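These are the residues of each chain, in order.
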Amino acid sequence: MATQKVQTAKVSAFFDGIQRQFRNLDPNNPAVWGPVPRYLLCLCISIAVVAAFWYLWLKDSDAELKAEQAKEVALRDDYKKKLTKAVNLEALKKQREQVLQYVTQLEKQLPSKAEMDALCQTSIRQESVVAFSLICSARVRSASGNTMPSCRSRLGLTGGTTT
C-alpha cells in the first residue's frame, strides 16, 4: 500500500508539473514557454499544415476521381456494345454472304456491255422516231387530220392518219 501511495504521489507530481507549465503563458513570447506547451503547439501547427495540404491535394483528386468514374461508365457501355457485336459476328458474316450472293445473282441478270450498246442504240432510234413523228404531226396537220405525204414517207408510214 505504501508503494501505491508513492506511485500516486509521483503521478500527481508529474501532472502538477505539466499544469504549471501551462500557467501564465505569454502568447507574444512563446520562447519562454515550458517544453510541453512548445511541443504541443508545434504538434498542433504540424497537424494543421498536414491537414491543409491533405485537403488541397484531395480537392483536385476528387474531381479527377469523378471524371475517371464517368469515363469508366462510358467504357463499360462501349464494352457491352462491342461484346454484343462480337457475339453476333458469325450471324452477321452469314448475312453478309447471303447479301453478296444476292448481289452476284442480280449482276448476272444485267445485260453485257455489247447488249447495253445495242439497247442504247435501239432506245435512241425509237425515241427519235417518236419525237420526229410528234414534231411532224404537230407542224403539218391539216384541217382534216391527215398528215402530209412528206412526213409519212420519212416515217415509213403508209396509212392515212396518225393519232
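Residues numbered from 1 in each chain as written. Predicted model: local features only at pLDDT ≥ 70, side-chain atom pairs only at ≥ 80, totals over all residues. Heavy atoms only, no water.

Next up on the list: the overall build of the protein. A count of helical and extended segments in the protein gives five helices and zero strands. Mapped in sequence order, the helices and strands of the protein form the string α-α-α-α-α. Buried positions account for 6% of the 163 residues belonging to the protein. Within the protein, contacts between residues separated by at least 24 positions form 6% of all contacts whose residues are at least 6 apart in sequence. Of the roughly 14500 Å² of accessible surface on the protein, 62% is carried by carbon and sulfur atoms. (Helix = DSSP H or I, 4+ residues; strand = E, 2+ residues; numbered from the N terminus. Buried < 20%, exposed > 50% of the residue type's maximum accessible area, 1.4 Å probe, protein only. Contact = heavy atoms within 4.5 Å. Areas by Shrake-Rupley, 256 points an atom, 1.4 Å probe, with all protein chains shown as cover.)

Quick look at a nonpolar patch on the surface now. Taken together, the side chains of Phe22, Leu25, Val36, Leu40, Leu43 and Ile47 make up a nonpolar region of the molecular surface, amounting to roughly 480 Å² of accessible area. In terms of residues, the nonpolar patch owes the most to one element, helix 2 (residues 35–87), which gives four residues. Mapped onto the elements, Phe22 comes out in helix 1 (residues 2–22). (Patch = residues over 30% accessible without salt bridge, like charges linked within 9 Å, V, L, I, M, F, W, Y side chains within 5 Å. Salt bridge = Lys/Arg side-chain N within 4 Å of Asp/Glu carboxyl O.)

This paragraph deals with the pattern of salt bridges. Enumeration according to the criterion identifies four salt bridges in this entry. Residues Arg96 and Glu97 are paired through a salt bridge, measuring 3.9 Å at the closest nitrogen-oxygen approach. Accessibility expressed as a relative area gives 41% for Glu97, which makes it partly exposed.

All told, the structure shown has zero disulfides when counted by the stated rule. Free of any disulfide, Cys42 has its nearest neighbouring cysteine sulfur in Cys44, separated by 9.5 Å. What makes Cys42 partly exposed here is its relative accessible area of 48%. (Disulfide = S-S within 2.5 Å.)

Turning to the confidence of the model for the protein, a few remarks are in order. For the protein, the mean per-residue pLDDT works out to 80, and 80% of the residues sit at or above 70. The secondary-structure element of the protein with the lowest mean pLDDT is helix 5 (residues 149–155), recorded at 52, while helix 2 shows the highest, at 91. (pLDDT = per-residue confidence, 0-100.)

Backbone geometry places Asn24, a non-glycine residue, at a positive phi of 55 degrees. Assignment of secondary structure puts Asn24 in the loop between helix 1 and helix 2.

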